[in-house]
Amino acid sequence: MTTSTKNPILWVPSGYFTMALTYNILTAACVIMFSNLGMDNAQAAGYASALGLAYTFKPAFAAFLEMYKTKKFFVLLTQVLQGVGFIGIALVLGLPNYFIPMMVLFWVISFIGSVQDITCDGVYVTSLNNKQQATYCGIQSFSWNLGKLAITGGIVIFTGVMHQYVFKHDPLVNGPQWIDSWQAAFVLLGVVMLVMAAWHYKHMPDGAKSENAPPNATKAVEMLIDAFVTFFQKKSIWLMIGFAFLFRISYGFLLAPSALFMKDSVTNGGLAMSNQELGLIYSVFGLIANIIGSFIGGLYVAKRGLKTALFPLCICINVPNITFLLLAIFHPQSYFLIASGVIIEQFFFGIGSVGFMIYLMQQLAPGKYATTHYAFGTALMALCMILTGMVSGYLQQMMGYINYFIFVMIATIPSFLICWYAPFHQKDDA
């Protein structure tokens, strides 16, 4: 472990802000973009959910990145490549048959973004001592959420404003007329990535090699195999795998269709909101509610202990999903009522999601390969979100919004069951 001579405030916030830009453009904003471009809900949810798949494979190649160059080198390389890639998507959108090359570029960027995540985390862990890591943990989390805000709010609102006021199109009509606005958004995003690379070239430390870094590819493979084998040797591992996969399953079914429901026409059962209205609700009101909820959830676990708190946290993360069922039934016209529904759902999701992360840290991860096993757990969660997201749009189209949101409530049952039977073999610190 080395202590960086460079001020962490100059690179920790910008590093995690930049990480969030890529992940959220792929997994959140692309749902809106695909809908804007005229895809139906099944296509928009399916394609956007699949773009996060590369992030589930991070544990498989993380060790190999330890063998070459410095962590900073890979951070800079990935940010430059992403900047070029986003500008490339803007250019590709101008082609008559843009879909296949656009998706190829998205897939490449997804893989590059996952490498950026691994190496930026590596710089953080190996450049800061334990006290600094604790000090900047809150800044790290806040900066990532700020990046999410920049995408789900800033970029989405930017496209809506460009579409309506610059290119003079109807904000509620989907189709190829949205291409110009999204081209401008991807050029802007690409420039931001390149600026971040230049900033980190000057201010980010190199990062040190981890103490257990493999000396060659053979050792890296051996370490990966050993981590995999020891993972499945943990006591009650299948129940813990079930927890990692199922705790947020209802949210996986809800995520894309809830945003599409906000945008869809009244004829189709939606709320007919513009990009600007949607971006404001989710990225400002919803995100603030989520952050406050996460803080409260952390305090609750610290006071009660995870074993006692886990089932109430499961209630928090699942039961408020009913707000979308109520919105679909009553179709309120009040922006205040719609925003209130999202705030309630996101606030309680923030409280409940704390239980998932702490369970992985305290029960699933401990052991020789704690970092890798924690990554396995988060990868399982990401896989659940991808698989549920890929089918969510199709199921919603088949059922209609009201019946689909009833289905989402039924999909909460596996979460309650797995929480009830979740094993606790490590001592609860509370």
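As shown above, the structure is provided for reference.
Residues numbered from 1 in each chain as written. Predicted model: local features only at pLDDT ≥ 70, side-chain atom pairs only at ≥ 80, totals over all residues. Heavy atoms only, no water.

**Student:** Just give me the short version of the overall build of the protein chain, but keep the residues and values in it.
**Tutor:** Along the protein chain, the regular secondary structure elements total 17 helices and 0 strands. Whereas a compact globule of 430 residues would reach a radius of gyration of roughly 22 Å, the protein chain reaches 21 Å, a difference of no more than 12%. Split into buried and exposed, the 430 residues of the protein chain put 54% on the buried side. Just so you have it, the protein chain exposes about 18500 Å², and 70% of that area is on carbon and sulfur atoms. Seen as two clouds, the 20 positive and the 15 negative side-chain charges of the protein chain have centres 10 Å apart. (Helix = DSSP H or I, 4+ residues; strand = E, 2+ residues; numbered from the N terminus. Rg over C-alpha atoms; globule rule 2.2 N^0.38 Å. Buried < 20%, exposed > 50% of the residue type's maximum accessible area, 1.4 Å probe, protein only. Areas by Shrake-Rupley, 256 points an atom, 1.4 Å probe, with all protein chains shown as cover. Lys, Arg positive; Asp, Glu negative; His and termini not counted. Charge placed at Lys NZ, Arg CZ, Asp CG, Glu CD.)

**Student:** Break down helix α12 (residues 306-318) for me, citing the residues and quoting the values.
**Tutor:** Between its first and last C-alpha, α12 extends 17 Å over 13 residues, near the 18 Å set by a 1.5 Å rise per residue. Of all the bends found along α12, the most pronounced is centred on Pro-312 and spans about 25°. For α12, every residue scored as buried is listed here: Leu-306, Ala-309, Leu-310, Leu-313, Cys-314, Cys-316, Ile-317 and Asn-318. Of the surrounding secondary structure, the elements contacted by the buried residues of α12 are α9 (237-246), α10 (249-263), α11 (275-304), α14 (335-364), α16 (401-410) and α17 (413-421). (Expected span 1.5 Å × (residues − 1). Bend = angle between axes of the 7 residues up to and from the residue. Contact = heavy atoms within 4.5 Å.)

**Student:** An account of the nonpolar core is needed here, citing residue identities and associated values.
**Tutor:** Formed by 97 residues in total, the largest nonpolar core has its most connected members in Phe-34, Met-102, Phe-106, Trp-182, Phe-186, Met-262 and Phe-405. Formed by 11 residues, the second largest nonpolar core is a distinct cluster that contains Val-123, Tyr-124, Leu-128 and Tyr-136. (Core = buried A, V, L, I, M, F, W, Y, C linked by side-chain atoms within 4.5 Å.)

**Student:** Tell me about the packing of aromatic side chains, and please be specific about residues and values.
**Tutor:** With the rule as written, the count across this model stands at 31 aromatic pairs. Residues Tyr-23 and Tyr-55 carry aromatic rings whose centres are separated by 5.0 Å and whose planes lie at 80° to one another, so their mutual orientation is edge-to-face. Note that Tyr-23 is positioned in helix α1 (residues 12-36) and Tyr-55 in the loop between α2 (41-50) and α3 (58-65), a separation of 32 residues in sequence. Take Tyr-23: its relative accessible area is 28%, and that puts it in the partly exposed class. Taking 5.6 Å as the distance between ring centres and 50° as the angle between the ring planes, the aromatic pair formed by Phe-311 and Phe-416 counts as tilted. Of the two residues, Phe-311 is situated in helix α12 and Phe-416 in helix α17; the sequence distance between them amounts to 105 residues. Judged by relative accessible area, which is 29%, Phe-311 ranks as partly exposed. An aromatic cluster of three or more residues is present, and its members are Phe-34, Tyr-47, Phe-86, Phe-99, Phe-106, Trp-182 and Phe-186. (Phe/Tyr/Trp six-rings, centres within 6.5 Å; stacked < 30°, edge-to-face > 60°.)

**Student:** A description of the packing of α12 against α17 should follow, citing residues and the corresponding values.
**Tutor:** Relative to each other, α12 and α17 sit at 170°, their axes nearing to 9 Å. One finds that α12 runs roughly antiparallel with respect to α17. Contacts between α12 and α17 involve Leu-310, Phe-311, Cys-314, Ile-315 and Asn-318 on the former and, on the latter, Ser-415, Phe-416, Cys-419 and Trp-420. The residue makeup of the contact of α12 with α17, split by class, is 7 nonpolar, 2 polar and no charged. (Axes fitted to C-alpha atoms, helices over the stretch in contact; angles between N-to-C directions. Parallel < 35°, antiparallel > 145°, perpendicular 65-115°, else oblique. Nonpolar A, V, L, I, M, F, W, Y, C, P; charged D, E, K, R; others polar.)

**Student:** Provide a residue-level description of the side chain of Gln-346, including the pertinent values.
**Tutor:** Counting through the fold element by element, Gln-346 comes out in helix α14. For Gln-346, a relative accessible area of 6% gives the class buried. A polar side-chain atom of Gln-346 sits 2.9 Å from a polar atom in the side chain of Glu-345. When neighbours within four sequence positions are excluded, Gln-346 is seen to be in contact with Tyr-251, Gly-286, Ala-289 and Asn-290. (Polar contact = N/O pair within 3.5 Å; in protein donor to acceptor, adjacent residues only side chain to side chain.)

**Student:** Which residues make up unusual backbone geometry, and what values go with them?
**Tutor:** The phi torsion at Lys-168 lies on the positive side, around 60°, for a residue other than glycine. We classify Lys-168 as exposed; its relative accessible area is 64%. Of note in the backbone geometry, Ala-272 takes a positive phi value of approximately 55° without being a glycine. When you line up the elements, Ala-272 lands in the loop between α10 and α11. In this structure Ala-272 comes out as partly exposed when scored by relative accessible area, which is 23%.

**Student:** Summarise α16; cite the residues concerned and give the values.
**Tutor:** For α16, the set of buried residues is Tyr-401, Tyr-404, Phe-405 and Val-408. End-on view of α16: buried residues confined to an arc of 95°, all on one side of the axis. Among the structural elements, α2, α10, α13 (322-330) and α15 (370-399) are those in contact with the buried residues of α16. (Arc of directions from axis to C-beta.)

**Student:** For a nonpolar patch on the surface, give the residues involved together with the corresponding values.
**Tutor:** Together, Leu-239, Ile-322, Leu-326, Ile-329, Phe-330, Ile-402, Ile-406, Ile-410, Ile-413, Leu-417, Trp-420 and Tyr-421 make up a nonpolar patch on the protein surface, roughly 1200 Å² of accessible area in all. Where the nonpolar patch is concerned, the elements lending two or more residues are α13, α16 and α17. By the element assignment, Ile-410 lies in helix α16. (Patch = residues over 30% accessible without salt bridge, like charges linked within 9 Å, V, L, I, M, F, W, Y side chains within 5 Å. Salt bridge = Lys/Arg side-chain N within 4 Å of Asp/Glu carboxyl O.)

**Student:** Go over the environment of Met-240, please, and point to the residues and values.
**Tutor:** As for its placement among the helices and strands, Met-240 is situated in helix α9. Under the relative-accessibility criterion, Met-240 is labelled buried at 3%. Sequence spacing of Met-240 and Leu-254 is 14 residues, and the spatial spacing of their C-alpha atoms is 23 Å. Ignoring anything within four residues of it in the chain, the contact list for Met-240 reads Lys-234, Lys-235, Tyr-359, Gln-363, Leu-364 and Pro-423.

**Student:** Give a description of the packing of α9 against α17 that names residues and reports values.
**Tutor:** In contact at an axis separation of 9 Å, α9 and α17 are set at 145° when each is read in the N-to-C sense. As for the relative orientation of α9 and α17, their crossing is left-handed in sense. For the pair α9 and α17, the contacting residues are Leu-239, Gly-242, Phe-243 and Leu-246 in the first and Pro-414, Ser-415, Ile-418, Cys-419 and Tyr-421 in the second. By residue class, the composition of the contact of α9 with α17 is 7 nonpolar, 2 polar and no charged. (Left-handed = near helix turned anticlockwise from the far one by under 90°.)

**Student:** Hey, could you go over the state of the cysteines for me, with residue numbers and the actual values?
**Tutor:** Applying the stated criterion to the full structure yields 0 disulfides. Left unpaired, Cys-314 is separated from the closest cysteine sulfur, that of Cys-419, by 3.7 Å. (Disulfide = S-S within 2.5 Å.)

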